[in-house]
Amino acid sequence: MYEFLQETVASNMTRSVRSVAPEMTVGDLYRLFAKDDYDAYPVLRDDVVVGFVTKLDALKVFACPIDHMLPRYDDRMGTTVDEIMSSDVIAVEPDTNLQRVLQLMVAHRLKSLPVIDKYRHLVGIIAREDVMRALARCTKRRAPSLVPCETARCLRLV
């Protein structure tokens, strides 16, 4: 378990990350979600992370109170990402310890975090699965070797 405390984002993150632009429509976002099977995308403007958009954000466009009429599907599909994204992004840097990432994920109920450099440029993403793989790798224990029966002393309790 102590090995996990030394693990950093840089050695566990996914470096190849797809992002979206704030001007993208919800319709295009839906198609991208279906194609990639991702749960969220970082939103970039001029290579700088300005937001994060999730499937739940895209679904909220169609949610309405009971006393309202249903929204027009085509109108809502034209909504842009910058209208629905979260601009209060929790991001980490490559040298962040995975233990800190785990704390942030649990505290904020996040599935993934963008990894940014000091200029807020996207350099990767760290997901729950990445943390779980690192934890499993660091906590693997070797089974004790078996002692042959002839060399083991048996004690009989009376």
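Only a predicted model underlies this, so the values are computations on that prediction, with no experimental measurement involved.

1. What to know about the overall build of the chain
The helix and strand inventory of the chain stands at 7 helices and 4 strands. Counting over 158 residues, the chain shows a buried share of 33%. Across the chain, the fraction of contacts at a sequence separation of at least 24, relative to all contacts at a separation of at least 6, is 58%. A total of about 11,200 Å² of accessible surface is found on the chain, and carbon and sulfur atoms cover 54% of it.

2. Some thoughts on helix H2 (residues 26-36)
If you check which residues of H2 are buried, you get Val26, Gly27, Leu29, Leu32, Phe33 and Asp36. Note on H2: the residue one or two positions beyond its end, Asp37, has a positive phi of about 60 degrees.

3. Describing the side chain of Asn12
One can find Asn12 in the loop between helix H1 (2-6) and H2. In terms of polar contacts, Asn12 uses its side chain to reach the side chain of Ser11, at 3.2 Å. In this structure Asn12 touches Glu7, Leu98, Ile126, Asp130, Ala134 and Arg137, once residues within four positions along its chain are discounted.

4. Here we look at the packing of helix H6 (residues 98-108) against helix H7 (residues 128-139)
Packing of H6 against H7 leaves a shortest axis separation of 11 Å and a crossing angle of 135 degrees. Between H6 and H7, the crossing angle belongs to the class labelled oblique. The hand of the H6/H7 crossing is left-handed. Residues Leu98, Val101, Leu102 and Met105 of H6 touch H7, and the partners they reach there are Arg128, Val131 and Ala134. Taken together, the residues of the contact of H6 with H7 break down into 6 nonpolar, no polar and 1 charged.

5. A short note on the pairing of strand S2 (residues 48-54)
Pairing geometry for strand S1 (residues 40-45) and S2, over 6 bridges, is antiparallel. Bridged to Val43 within S2 is Gly51. Connecting the antiparallel pair S1 and S2 is a turn made up of 2 residues, with Asp46 showing a positive phi of about 55 degrees.

6. Brief notes about the packing of aromatic side chains
Following the criterion strictly, the structure yields 2 aromatic pairs and no others. Their ring planes at 35 degrees and their centres at 5.1 Å tell us that Phe33 and Tyr41 sit as a pair that is tilted. Here Phe33 matches Tyr41 in class, with each residue buried. Measuring from centroid to centroid gives 5.5 Å for Tyr38 and Tyr41, while their planes differ by 55 degrees, and the two rings are tilted.

7. So, H7
Taking 1.5 Å per residue, 12 residues should reach 16 Å; H7 reaches 16 Å between its end C-alpha atoms and fits that length. Looking at the buried residues of H7, the elements they touch are H1, H6 and strand S4 (122-127).

Rules of the game
Residues numbered from 1 in each chain as written. Predicted model: local features only at pLDDT ≥ 70, side-chain atom pairs only at ≥ 80, totals over all residues. Heavy atoms only, no water. Helix = DSSP H or I, 4+ residues; strand = E, 2+ residues; numbered from the N terminus. Buried < 20%, exposed > 50% of the residue type's maximum accessible area, 1.4 Å probe, protein only. Contact = heavy atoms within 4.5 Å. Areas by Shrake-Rupley, 256 points an atom, 1.4 Å probe, with all protein chains shown as cover. Polar contact = N/O pair within 3.5 Å; in protein donor to acceptor, adjacent residues only side chain to side chain. Axes fitted to C-alpha atoms, helices over the stretch in contact; angles between N-to-C directions. Parallel < 35°, antiparallel > 145°, perpendicular 65-115°, else oblique. Left-handed = near helix turned anticlockwise from the far one by under 90°. Nonpolar A, V, L, I, M, F, W, Y, C, P; charged D, E, K, R; others polar. Pairing = 2+ DSSP bridges. Phe/Tyr/Trp six-rings, centres within 6.5 Å; stacked < 30°, edge-to-face > 60°. Expected span 1.5 Å × (residues − 1).

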